[in-house]
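Breakdown of the fold
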Amino acid sequence: MAQAIGTPGPSRLKREWRDWLLFVALAGPNLLMFGIFNYRPLLYNAYLSFYEWDFLSPVKIPVGFDNYVDVLTEPHFHQVLKNTLVLMSGGVCLTIAIGLGLALLLNQKLAGRDAARSVLFAPYMLSGAAIAVVWVYIFDPTYGLLRTILSPLGIVPPNWLRDSAWAMPAVIIVYTWKNLGYTMVICLAGLQAIPRELYEAATTDGANAWQRFRHITIPGLAPITFFLLVTGILASFQTFDLIHVLTRGGPVDATSTLIYYLYEQGFVGFRAGRAGVASVIQFAFLFIITLVQLRYIERRVTYAG
Amino acid sequence: MATLEQATGQGQSVGQARPARRMPLSAILTKVAGYIAMVVVVLLIGMPLLWLLSAAFKETSEIYIVPATWIPREPTIQNFPRAWNAAPFAQYYVNTTIVTVVSVLGKLVMGATTAYALVMLRFPCKNVIFALILGALMIPPQVVVVPNYLLFADLGLINTYTGLILPHIPTAVGTFLLRQAFLALPREILDAARVDGAGHMRTLWTVMLPLSMPVLVTFGLLSTQDVWNDFLWPLVITNTANMRTLPIGISFLLDGEGNTQWGVVMAGALYVITPLLVVFLWAQRHIVEGIAAGAVKG
């Protein structure tokens, strides 16, 4: 009796055991690496932010919240925050506006539109460093492309990358040029996801082109726009190669963003504590954005259900 | 001509007939405007790439002609060997290719095995594990670059392929995409494989992965782009020219002050971007569809 009940028990347990072992073998390496390369450094950054350390000396000096106070009160860091927000708002708005315009244009039945889409999307695929190198030449005040185009119009272009008033606009131009293909592709997908019947019904009801755009296209693109807003903010936060090649954060600190500040504190200034503070702040931003995104997705799911 | 004048001259009396005739005309005008806009936009946004191409084939003396020429007067290919000799591009190609191929293969393996474990195997708290993997998306590599650098320095992995490759291997996106693909597979096919006596690895390898090919291809291509173009990590983890990747190499080719040989640098930029441009033109349907699908599905 005991045996009859007992036999399926251990064998099921054994199968379960095998599942567990196999699970650890298959998913373990991935998880372990996330622990080592993502979660551990996150905590280590927070730890370092309370110490003064130059990466070399054997002792780390505990300084409490001094690093936070220093960073948050220095004018240089205020400029960095401002730059981060300017690049974010400029880059995100321009890529969405232009990307949407391009999508509306290339959603029409035009011969050769596939080739046009390829050309517009190509910059997104290419190395930011190589692209930025090309743009340094384009911005060259004497021999650059912009000078070549603008001077026949009687416009004397500024010395873009060496002029603190024009360096950030220059970075935004390159950022927009590189990323508008991405927003275009997403907007095209969004346009194609709007049911055709809506337009047909509206036309039957006598809605003109503007009304159809205003009341069908715009609301239809709302979820896509939110997605682009979030991914755009994240992408602008992580823009490093363009800034490094175009301006190195300069002139003075006109184009230094949070990520560039982090790099400079860590790998140029060798201030582990301040780099730690910068990464804690950066992570806090990303965390908040992700929370907003999750809440939004939850709401959307509820609506859909 | 006379008929046109007559038509306009007649004015309002023809008014009633107008709407029927005006529709196609406005449609034609819209179409023409569309074509003009398309050409203008393509020229405007494609211009930097044309400028790059044109300068790469210019002699240094022609670079310094104002106003600049679009089509080189005496096209030359000399900039390409010059760039090749100005920096160890052959080594850059080897490094970038090794790093990209191994990293992307690693990502595919990690994504496939983790997704299989999450979908097909019993384990406690699988949802928490999945959430931890997705949570890693919130921690971009730039934020954790200092601690990871310190770790690799301690392990003596500066200027090594292991150092360049290892942080690329774990993948949250790949796990997410393949998990979705596996969940979408019809249960009957997996049961049939089980009945045929296929073990876990054979089910994954011969049934599930072939059926998820579109996802594998798209994810592989997007990862290739990601790793090939990566900048901050290879910048800090290498400090000798012979271990640099192409993006780092081109940024060092750009000379700091004024005397840049633009033709040579543009040829170097072409060395960096051409392989990805070829991949893109060859597989753009997969890439674009993959990117768009991610957004529309949320």
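Residues numbered from 1 in each chain as written. Chains lettered and ligands numbered in written order. Predicted model: local features only at pLDDT ≥ 70, side-chain atom pairs only at ≥ 80, totals over all residues.

Some details on the overall build of chain B
Operational definition: A run of H or I in DSSP becomes a helix once it reaches four residues, and a run of E becomes a strand once it reaches two; helices and strands are each numbered from the N terminus. Neighbour counting defines burial: a residue surrounded by 20 or more other C-beta atoms within 10 Å of its own C-beta is buried, one with 12 or fewer is exposed, and intermediate counts give partly exposed, using backbone-placed C-beta atoms. Here the contact rule is simple: place C-beta atoms from the backbone, and any two residues whose C-beta atoms are within 7 Å are in contact.
In terms of regular secondary structure, chain B is built from 15 helices and 0 strands. Counting the 298 residues in chain B, one finds 37% classified as buried. Sequence-distant contacts in chain B: of pairs separated by 6 or more residues, those separated by 24 or more amount to 76%.

Quick look at the nonpolar core
Stated precisely, the cut-off is as follows: Buried Ala, Val, Leu, Ile, Met, Phe, Trp, Tyr and Cys residues whose C-beta atoms connect them within 7 Å together make up a nonpolar core.
If you look at the biggest cluster of nonpolar residues, it comprises 150 residues, and the most contacted ones within it are V171, V174 and L246 of chain A together with M266 and A269 of chain B. Ranked by residue count, the leading element in this core is helix α8 (residues 167-193) of chain A, at 17 residues. Discounting residues that sit within four places of it in the chain, L246 of chain A has contacts with A132, W135, V136, L161, A170, V171 and V174 of chain A.

A short note on the confidence of the model for chain A
As a note on interpretation, predicted positions should not be read in detail where pLDDT is low. All names here are of chain A. Here is the rule we go by: Every residue gets a pLDDT, meaning the predictor's confidence in that residue, from 0 to 100.
Considering every residue of chain A, the mean pLDDT works out to 87; 94% of them sit at 70 or more. For the stretch residues 1-7, pLDDT sits under 50, and the model shows 0 contacts to residues farther than four places along the chain or on other chains. When the criterion is pLDDT under 50, residues 301-305 qualifies, and its contacts beyond four places in sequence or with other chains add up to 0 contacts.

Points about the confidence of the model for chain B
Residue and element names in this part refer to chain B. Taken over all residues, the pLDDT of chain B has a mean of 85, while the share at 70 or more is 89%. In the predicted structure, residues 1-20 sits below a pLDDT of 50 and forms 1 contact with residues beyond four places in sequence or in another chain. Scored as a complex, the prediction yields pTM 0.88 and ipTM 0.86.

Things to note about the interface of chain B and chain A
Our working definition: Throughout, the ten residues Ala, Val, Leu, Ile, Met, Phe, Trp, Tyr, Cys and Pro are labelled nonpolar, Asp, Glu, Lys and Arg are labelled charged, and all others, Gly among them, are labelled polar.
Facing the 70 residues of chain B at the interface are 73 residues of chain A. Mapped by element, the contributors of at least two residues to the side of chain B that touches chain A are α2 (18-56), α5 (89-120), α6 (126-135), α7 (145-154), α12 (213-229), α13 (232-237), α14 (246-253) and α15 (262-296) of chain B. The element best represented in the side of chain B that touches chain A is α15 of chain B, accounting for 15 residues. Class assignment of the residues belonging to the side of chain B that touches chain A gives a composition of 56 nonpolar, 13 polar and 1 charged.

Focus on the environment of V102 of chain B
Residue and element names in this part refer to chain B. By the secondary structure assignment, V102 is in helix α5. Taking the C-beta count within 10 Å as the criterion, V102 has 18 such neighbours and is therefore assigned partly exposed. Separated by 63 residues in sequence, V102 and I165 place their C-alpha atoms 7.2 Å apart.

A look at α14 of chain B
Within α14 of chain B, 7 of the 8 residues are buried, leaving the element largely enclosed by the surrounding structure. Within α14 of chain B, burial applies to L246, P247, I248, G249, I250, S251 and L253 of chain B.

A closer look at unusual backbone geometry
Even without being a glycine, R248 of chain A presents a positive backbone phi close to 50°. As for its placement among the helices and strands, R248 of chain A is situated in the loop between α12 (241-246) and α13 (258-268). On the basis of neighbour counts, which here come to 16 C-beta atoms within 10 Å, the residue R248 of chain A falls in the partly exposed class. For C125 of chain B, which is not glycine, the phi torsion reads 55° and is therefore positive. The topology assignment puts C125 of chain B in the loop between α5 and α6.

Re the environment of Y175 of chain A
Residues and elements named next belong to chain A. You can see Y175 is positioned in helix α8. C-beta crowding within 10 Å serves as the criterion here: with 26 such atoms nearby, Y175 is assigned to the buried category. Beyond its immediate sequence surroundings of up to four residues, Y175 is in contact with L87, G91, S236, T239 and L242.

What to know about the packing of α8 of chain A against helix α11 (residues 222-237) of chain A
All names here are of chain A. The following threshold applies: For helices, the fitted line uses only the C-alpha atoms of the stretch in contact; every axis is such a line through C-alpha atoms, and the angle between N-to-C directions lies from 0 to 180 degrees. Our angle categories are set so that under 35 degrees counts as roughly parallel, over 145 as roughly antiparallel, 65 to 115 as roughly perpendicular, and the remainder as oblique. The sense of a crossing depends on the near helix, which, turned anticlockwise from the far helix by less than a right angle, makes the crossing left-handed and, turned clockwise, makes it right-handed.
One way to put it is that α8 packs onto α11 with a least axis distance of 10 Å and a crossing angle of 155°. Judged by the inter-axis angle, α8 sits roughly antiparallel to α11. Crossing angle aside, the handedness with which α8 passes α11 is right-handed. Taking contact as the criterion, the partners of Y175, N179, T183, I186, C187 and G190 in α8 are, on α11, I224, F227, L228, A235 and S236. Split into classes, the residues belonging to the contact of α8 with α11 amount to 7 nonpolar, 4 polar and no charged.

Digging into the environment of R194 of chain B
Residue and element names in this part refer to chain B. As for its placement among the helices and strands, R194 is situated in helix α10 (residues 187-195). Exposure remark for R194: the 13 C-beta atoms within 10 Å place this residue in the partly exposed category. For the pair R194 and A87, spaced 107 residues apart in sequence, the C-alpha to C-alpha distance is 55 Å.

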